[in-house]
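Below are the chains, spelled out letter by letter.
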Amino acid sequence: MITVERLRRSFGDLVAVDDVSFEVRDGEILGLLGPNGAGKTTTLCMISGVLKPDSGRVLVDGRDIWLEPTVVKRHLGVVPQEVAVYEDLTARDNLSFWGSLYGLSGSELKERVDEGLSRVGLADRAGDRVKSFSGGMKRRLNLCMGLLHRPRFLLLDEPTVGIDPQARLNILEVIRGVAAGGTTVLYTTHYMEEAQELCDRIAIIDHGRILTVGTLDELTRLAGEAEVLRLTGGFAGGEARDRLQAIAGVRVLQAGDGSAMLSVAAGGPGLLAVLPAVLASGLALDDVSIQRPNLQSVFISLTGRELRD
Amino acid sequence: MAAFQILRRDLLRYLRNPGRTALLFAIPLMMAAIFAVVFGGHGDGDGITIRVLLWDEDDSLLGRLLQGAGDRPESEGRLEVVPVGPEGVEMMNRGDASALVHLPKGFTRAVIDGTPTAIEVVKNPAQRFLPLVVEEGVVLGATVLSAGSRALRPELDVISSFLDADHRPEDAAVASLSASFNRRAKQFDLYLFPPVVRLEAVDVGAAKGEEASAKKPQGIAAVLSVFLPGFAILGVLFLAQSATRDMLHDRETGVVRQLLTAPVTPASYLVGKCLSVLVVSAAGLGLLVAAGVAAGVAWGPPLAVAAVVVAAAVAASGTLLLVMSVVGSERQGDALATIVIMSWCMLGGAFVPLAQMPAFLHPIARTTLVYWATSAFSSLIAGGGIADILPNLAVLAGGGALGIAIGAAVMGRRLARGAL
Ligand SMILES: Nc1ncnc2c1ncn2[C@@H]1O[C@H](COP(=O)(O)OP(=O)(O)OP(=O)(O)O)[C@@H](O)[C@H]1O
Ligand SMILES: [Mg+2]
């Protein structure tokens, strides 16, 4: 189990990670979901022991990674956001070097390298220099490096950004397989669909703070909506927001020039009562759609913003 | 141990990139070879005599430096600088010298003011190589003056006052000059272009058949013995630059960050990188020395030479590690390293033997590790033994070790802070 306790880290005046606590339970895939700049990478770097927290601590199976770094790091596999491989070495060179850092050698190392390469579909490019690889191939190689020593804990930082759907499927498949084998996974992403599909539980992070942690069901329930109404029309200004807010049973998630989002409480008057009230409020309404609550609406209800920039 | 894995991987990278590696090693060899060819075909056993006519209408700094170089007892038989007036042109037409260097009136003023001016070099067309040497030397001087006129104006004034005074300048004055020079040196690349001082090369008359000062040919080995030590040091510095720059590359590409997620401590990463810088530097220098042996250079007692190779590799590693530890990016590192290497090589006597440099530069030369390395090789070549170069070995190893320690400590602090 990875226990993250009250991590905090600032860069100058900017508090990148602020009092972050959560735990990754044995065998689960925990998604750390947040927009650009939320503090995901900073958090992950502190968990993996490369960035010193200003305060707080990280326990891996009860051991503090900053107190016993080499012991703990043996059990961690880390796949960074930026691909960090030696371009002038071959894929096999990179993997062999990486494995040797974990004490692998000889035929065992060779077997692991071969196994890893075929797992991520790079077996036929093993002898090519990484320089000649596409972005997706480099990412798969990086994933392979993180798995080579069969870590008990796998930390991934947005491993599917900027690659084609095929490679993405491959990566997600590999991660599922690893998790099924008992590895505990912390998966960082800003893709809601990925978090929804892949993760057992999801922690939402924004502006360096964890807003909530739970399963998809728990999160949507926690957000409290039965239904989300997306309105198209003119809703700019505080007055429009006030008028919407005045409708019974409605919480305004967001109101702007082109659109507004309302959450309609489950036990309240219901959608059928809300719509006439909107029309009666005198606001320009062009279109209405009903959304099942999902991570998007959870995020909006927590932050008042959409997840996508 | 992780340090050795890192060393192994770095060496593997040299093997996987044979082209780049060959180029790294070839550049200093080629430079030394060009010098050998330039000088090698001519001159007698005692060295090469270049006769230069100096027509200095301006009584300029460059003129005085040139004149001073020719006047030194050590230049006896190598460089002869003859002050002339307008009659120098006529002397050139008679083929009296390898080249005529003409510094026009107002030259110094123009350099100090940063206004364009020109040095005229009239080459003897009957000689193939020696005039080129003069031209190269003047190009170097012109480049330095160009940069200096913009970057070093206050220091130039101080140098000028040293030259005017008839007593030896105070040590403190020299030290402060060298400190302020070092400060300025950082800005050099900004100032090199466009040049303030242009070079105008003119050939006179028609070819006069055989070279006027034709002497019996001399082996390349003797010439290499003069120049290879300096170029070998230049070469090892460039190798160390390339090897240490790798650390910045690692940092910028996130490789360090990823390495530290493995059970690798910052200390073992630094030890591994320092080892590989040392090994590459020592191997490179060893190779350059071996190339010299192949060309017939008698370096001296093998053990003593090996000691210099190792000590110079330590010195080069320490110097470059220190340079790379203070910069923010790979590009900055490259710029600063090149400036440090070139100015140290110029000041330390890697290009021009110290004996031919003006006396006031000698104390400055001694502050450079280049001087201690080059002179160690030279004194072994001149027949010295290991006892003669003990101070050199001590300075090189001590200075280098200090550089490595400070450089690694600074980088280590950065790693520990997570400034990756
Ligand atoms: N080394 C650094 N120096 C200064 N500021 C930093 C540094 N690293 C991160 N930050 C800042 O900290 C905040 C969080 O950055 P972080 O990289 O953790 O975000 P992220 O959630 O990983 O974003 P992304 O999805 O874009 O990768 C950002 O505002 C970023 O600008
Ligand atoms: Mg990130």
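Note that this is a predicted model, so its numbers are computed, not measured.

What counts, and at which threshold
Residues numbered from 1 in each chain as written. Chains lettered and ligands numbered in written order. Predicted model: local features only at pLDDT ≥ 70, side-chain atom pairs only at ≥ 80, totals over all residues. Heavy atoms only, no water. Donors = N, O, S within 2.8 Å, 3.2 Å for Na, K, Ca; no water. Helix = DSSP H or I, 4+ residues; strand = E, 2+ residues; numbered from the N terminus. Near = heavy atom within 4 Å. Polar contact = N/O pair within 3.5 Å; in protein donor to acceptor, adjacent residues only side chain to side chain. Areas by Shrake-Rupley, 256 points an atom, 1.4 Å probe, with all protein chains shown as cover. Nonpolar A, V, L, I, M, F, W, Y, C, P; charged D, E, K, R; others polar. Contact = heavy atoms within 4.5 Å. Buried area = accessible area lost by both parts, 1.4 Å probe. Salt bridge = Lys/Arg side-chain N within 4 Å of Asp/Glu carboxyl O. Pairing = 2+ DSSP bridges. Axes fitted to C-alpha atoms, helices over the stretch in contact; angles between N-to-C directions. Phe/Tyr/Trp six-rings, centres within 6.5 Å; stacked < 30°, edge-to-face > 60°. Buried < 20%, exposed > 50% of the residue type's maximum accessible area, 1.4 Å probe, protein only. Lys NZ or Arg CZ within 6 Å of the ring centre and 35° of its normal. Expected span 1.5 Å × (residues − 1). Patch = residues over 30% accessible without salt bridge, like charges linked within 9 Å, V, L, I, M, F, W, Y side chains within 5 Å.

A. Inspection of the coordination of the magnesium ion (ligand 2) at higher detail. For the magnesium ion (ligand 2), the full set of protein donor atoms is Thr41 of chain A (OG1) and Gln81 of chain A (OE1), and the range of their distances to it is 1.8 to 2.2 Å. Remark: Gln81 of chain A occurs in the loop between β6 (76-79) and α3 (91-101) and Thr41 of chain A occurs in helix α1 (residues 40-47); sequence separation between them is 40 residues.

B. Molecular detail of the site of ligand 1. Residue and element names in this part refer to chain A. Lining the immediate environment of ligand 1, one finds 13 residues, of which Gly37, Lys40, Thr41, Thr42 and Glu158 sit closest. For ligand 1, an oxygen atom lies 2.6 Å from a polar atom in the side chain of Thr41. Separating an oxygen atom of ligand 1 from a side-chain N or O atom of Glu158 is a distance of 2.8 Å. About the coverage of ligand 1: the protein hides 62% of its 630 Å² of free accessible area. Looking at the shell around ligand 1, the elements with two or more residues in it are β2 (14-24) and α1. Per-element tally for the shell around ligand 1: the top contributor is α1, with three residues. Among the residues forming the shell around ligand 1, the class breakdown is five nonpolar, six polar and two charged.

C. Region of the structure containing the interface of chain A and chain B. Contacts between chain A and chain B engage 30 residues on the former and 26 residues on the latter. Buried area between chain A and chain B, summed over both chains or domains, comes out near 2,400 Å², and the portion from carbon and sulfur atoms is 59%. Across the salt bridge formed by Asp93 of chain A and Arg16 of chain B, the nearest N and O atoms sit 2.4 Å from each other. At the boundary of chain A and chain B, one finds nine residue pairs in polar contact (both at pLDDT 80 or more). Contributions of two or more residues to the side of chain A that touches chain B are made by α1, α2 (69-73), α3 and α5 (135-147) of chain A. No other element matches the five residues that α3 of chain A contributes to the side of chain A that touches chain B. Here the residues of the side of chain A that touches chain B sort into 15 nonpolar, seven polar and eight charged.

D. View of unusual backbone geometry. Of note in this structure, Asp61 of chain A is not a glycine but carries a positive phi near 50 degrees. Note that Asp61 of chain A resides in the loop between β4 (55-60) and β5 (63-64).

E. How the structure looks around the sheet that holds β6 of chain A. All names here are of chain A. Read across the sheet, six strands follow the order β6-β7-β8-β3-β9-β10 without closing on themselves; strand pairing throughout is mixed. On the outer flanks of this sheet lie β6 and β10 (209-214), each paired with one strand and no other. Strand-to-strand twist of the sheet, defined as the mean angle between neighbouring strand axes without regard to direction, takes the value 15 degrees. Pairing analysis gives five bridges linking strand β9 (residues 201-206) to β10, with the strands arranged antiparallel. Within β10, the residue paired with Ile205 across the bridge is Ile210. Where helix α11 (residues 295-303) meets the sheet, it contacts β3 (29-33), β9 and β10, and its direction lies at approximately 40 degrees from that of β9.

F. Spatial organisation of the packing of aromatic side chains. Using the criterion set out here, one finds three aromatic pairs over all chains in the structure. Here the aromatic rings of Trp98 of chain A and Tyr102 of chain A are separated by 6.0 Å at their centres, their planes lie at 65 degrees, and the arrangement is edge-to-face. The class of Trp98 of chain A is buried, set by a relative accessible area of 3%. Above the face of the Phe97 of chain A ring, Arg9 of chain B is positioned so that its terminal group lies 4.7 Å from the ring centre. Lying over the aromatic face of Tyr14 of chain B, Arg20 of chain B brings its terminal NZ or CZ to 5.5 Å of the ring centre.

G. A look at the environment of Asp58 of chain B. Residues and elements named next belong to chain B. Within the secondary structure, Asp58 is located in the loop between β1 (50-56) and α3 (61-71). Along the primary structure Asp58 and Arg109 are separated by 51 residues, whereas in three dimensions their C-alpha atoms are 8.9 Å apart. The contact partners of Asp58, leaving out residues within four places of it in the chain, are Leu103, Pro104, Lys105, Gly106, Phe107, Thr108 and Arg109.

H. Representation of α5 of chain A within the structure. Taking 1.5 Å as the rise per residue, α5 of chain A with 13 residues should run 18 Å; its terminal C-alpha atoms sit 19 Å apart, in good agreement. With respect to burial, α5 of chain A is a largely interior element, twelve of its 13 residues being buried. Residues of α5 of chain A that are buried sit in contact with β6, α3, α4 (106-119), β7 (153-157) and α6 (165-180) of chain A together with α11 (255-259) of chain B.

I. Structural detail: the side chain of Arg140 of chain A. Structurally, Arg140 of chain A is set in helix α5. Leaving out residues up to four positions away in the same chain, Arg140 of chain A has contacts with Val120, Gly121, Leu122, Ala167, Asn170 and Ile171 of chain A.

J. Spatial organisation of the sheet that holds β4 of chain A. All names here are of chain A. The four strands lie next to each other as β2-β1-β4-β5, forming an open sheet whose pairing is antiparallel. In this open sheet, the two edge strands, each paired with only one partner strand, are β2 and β5. Here strand β1 (residues 2-11) runs beside β2; their pairing, made up of seven bridges, is antiparallel. Looking at β2, one finds that Ile2 is bridged to Val24.

K. How the structure looks around a nonpolar patch on the surface. Residues and elements named next belong to chain B. Residues Leu322, Leu402, Ile406 and Val410 make up a contiguous nonpolar surface patch of roughly 300 Å² in combined accessible area. For the nonpolar patch, the leading source of residues is helix α17 (residues 390-417), giving three residues. Relative to the helices and strands, Val410 is located in helix α17.

L. Structural detail: the pattern of salt bridges. Evaluation of the coordinates by the stated rule reveals 29 salt bridges over all chains. Here Asp88 of chain A ties to Arg13 of chain B by a salt bridge, and the two come within 3.0 Å at their closest N and O atoms. Of the two residues, Asp88 of chain A sits in the loop between β6 and α3 while Arg13 of chain B sits in helix α1 (residues 2-16), which places them in two different chains. By relative accessible area, Arg13 of chain B is classed as buried at 6%. In this structure, the salt-bridge partner of Glu239 of chain A is Arg243 of chain A, at a minimum N-O distance of 2.6 Å.

M. How the structure looks around the pairing of strand β3 (residues 99-103) of chain B. Residues and elements named next belong to chain B. Buried residues dominate β3, accounting for five of its five residues. Both β1 and β3 contribute to a ladder of five bridges, which runs parallel. Note on β3: the bridge partner recorded for Val52 is Ala99. Pairing of β3 with strand β4 (residues 117-123), which is carried by four bridges, proceeds in the antiparallel orientation. Residue pairing for β4: His102 is matched across the bridge by Glu120.

Bear in mind that shape data such as this cannot, by itself, settle questions of function.
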